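Listed here are the chains, written in short residue letters.
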Amino acid sequence: MRLTKLPHSCVRFEQDSAVLVLDPGGFSDPAAALRGADAVLITHEHPDHLDVEAVQAAGVPVFAHPEVLAKLPGVPGTPVQPGDSVQAAGFPVQVFGGRHAHIHEDVPDLPNNAYLIGERVYYPGDSFSLPGVPVDVVFVPIGGP
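How each quantity is defined
- Residues numbered from 1 in each chain as written.
- Predicted model: local features only at pLDDT ≥ 70, side-chain atom pairs only at ≥ 80, totals over all residues.
- Heavy atoms only, no water.
- Helix = DSSP H or I, 4+ residues; strand = E, 2+ residues; numbered from the N terminus.
- Buried < 20%, exposed > 50% of the residue type's maximum accessible area, 1.4 Å probe, protein only.
- Salt bridge = Lys/Arg side-chain N within 4 Å of Asp/Glu carboxyl O.
- Pairing = 2+ DSSP bridges.
- Phe/Tyr/Trp six-rings, centres within 6.5 Å; stacked < 30°, edge-to-face > 60°.
- Axes fitted to C-alpha atoms, helices over the stretch in contact; angles between N-to-C directions.

Chemist: Which parts of the structure should I look at to understand unusual backbone geometry?
Modeler: Located in the positive-phi region is Asp 29, a residue other than glycine, with phi close to 55 degrees. Of note in this structure, Ala 89 is not a glycine but carries a positive phi near 55 degrees. Mapped onto the elements of the fold, Ala 89 is located in the loop between strand S7 (85-88) and strand S8 (91-99). Under the relative-accessibility criterion, Ala 89 is labelled partly exposed at 23%.

Laid out in structure tokens, this is it:
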């Protein structure tokens, strides 16, 4: 599995000929991140993790919380929540998480999925959720208001 960390919140996963993109937000050049993608995972709806127009233009399947999918009309979507296991672009994905970390009183509480990809790479989005299983790579949120 090849990982490419892109600016801010975005990561590309490539294996064989499959490409999975995670959190193509507005700070990550989402159009470039989504080029050639077979599927997309979104942790939550904040614009630094989800560029709605870029994802709609890409037209690839999206896996996300139902509240996030509601922001993406016309996009093929699969609703996923903590406890689910799916195949996204051929990658096994387990969903963890729950809620976005409280970062400021003006930022409302919202769902935040965390993902374990290929049983090796864990990405919590903007949550402090832990997978409870050993992993090889953890992406950790380190910046915010």
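From this point on, the discussion continues.
Chemist: Help me out: how do you make sense of the pattern of salt bridges in this one?
Modeler: A side chain with one charge may pair with a side chain of the opposite charge, provided their charged atoms come close. If you walk through the whole model with that rule in mind, you get three salt bridges. Glu 14 is the salt-bridge partner of Arg 12, the closest N and O atoms lying 3.7 Å from each other. With relative accessibility at 24%, the residue Glu 14 sits in the partly exposed group. Linking Asp 136 and Arg 120 is a salt bridge whose minimum nitrogen-to-oxygen distance equals 2.9 Å. Of this pair, Asp 136 sits in the loop between strand S10 (121-123) and strand S11 (137-138) while Arg 120 is found in the loop between strand S9 (111-117) and S10, placing the two residues 16 residues apart along the sequence.

Chemist: For this particular structure, what's the right way to read the sheet that holds S7?
Modeler: The strands making up a sheet associate through backbone hydrogen bonding, with each pair oriented either parallel or antiparallel. The five strands are arranged S7-S8-S9-S10-S11 in an open sheet whose pairing can be described as mixed. In this open sheet, the two strands that pair with only one neighbour each are S7 and S11. Both S9 and S10 contribute to a ladder of three bridges, which runs antiparallel. What sits directly across from Tyr 115, in S10, is Tyr 123.

Chemist: I tried to follow the packing of aromatic side chains on my own but got confused; where do I start?
Modeler: Any two aromatic rings considered together are summarised by their centre-to-centre distance and by the angle between their planes. With the rule as written, the count across this model stands at three aromatic pairs. Seen in terms of ring centroids, Phe 13 and Phe 91 are 6.4 Å apart; in terms of plane orientation they differ by 65 degrees. Their pairing is edge-to-face. Of this pair, Phe 13 sits in strand S2 (residues 11-15) while Phe 91 sits in strand S8, placing them 78 residues apart in sequence. Each member of the pair, Phe 13 as well as Phe 91, carries the same accessibility label: buried. Ring centres 5.9 Å apart and planes at 50 degrees place the aromatic pair Tyr 123 and Phe 139 in the tilted group. In this pair, Tyr 123 sits in strand S10 while Phe 139 sits in the segment after S11, placing the two residues 16 residues apart along the sequence. Judged by its relative accessible area of 17%, Phe 139 falls in the buried class.

Chemist: For this particular structure, what's the right way to read the sheet that holds strand S1 (residues 2-5)?
Modeler: Strand order across the open sheet formed by six strands is S1-S2-S3-S4-S5-S6, with mixed pairing between neighbours. Either end of the sheet is taken by a strand with one partner, and the two such strands are S1 and strand S6 (77-79). Ignoring strand direction, the axes of neighbouring strands in this sheet form an average angle of 20 degrees. Bridge count for strand S3 (residues 18-22) against strand S4 (residues 39-41) is three bridges, and the pairing is parallel. By the bridge assignment, Leu 22 is partnered in S4 with Leu 41.

That is the geometry; function is a separate question.
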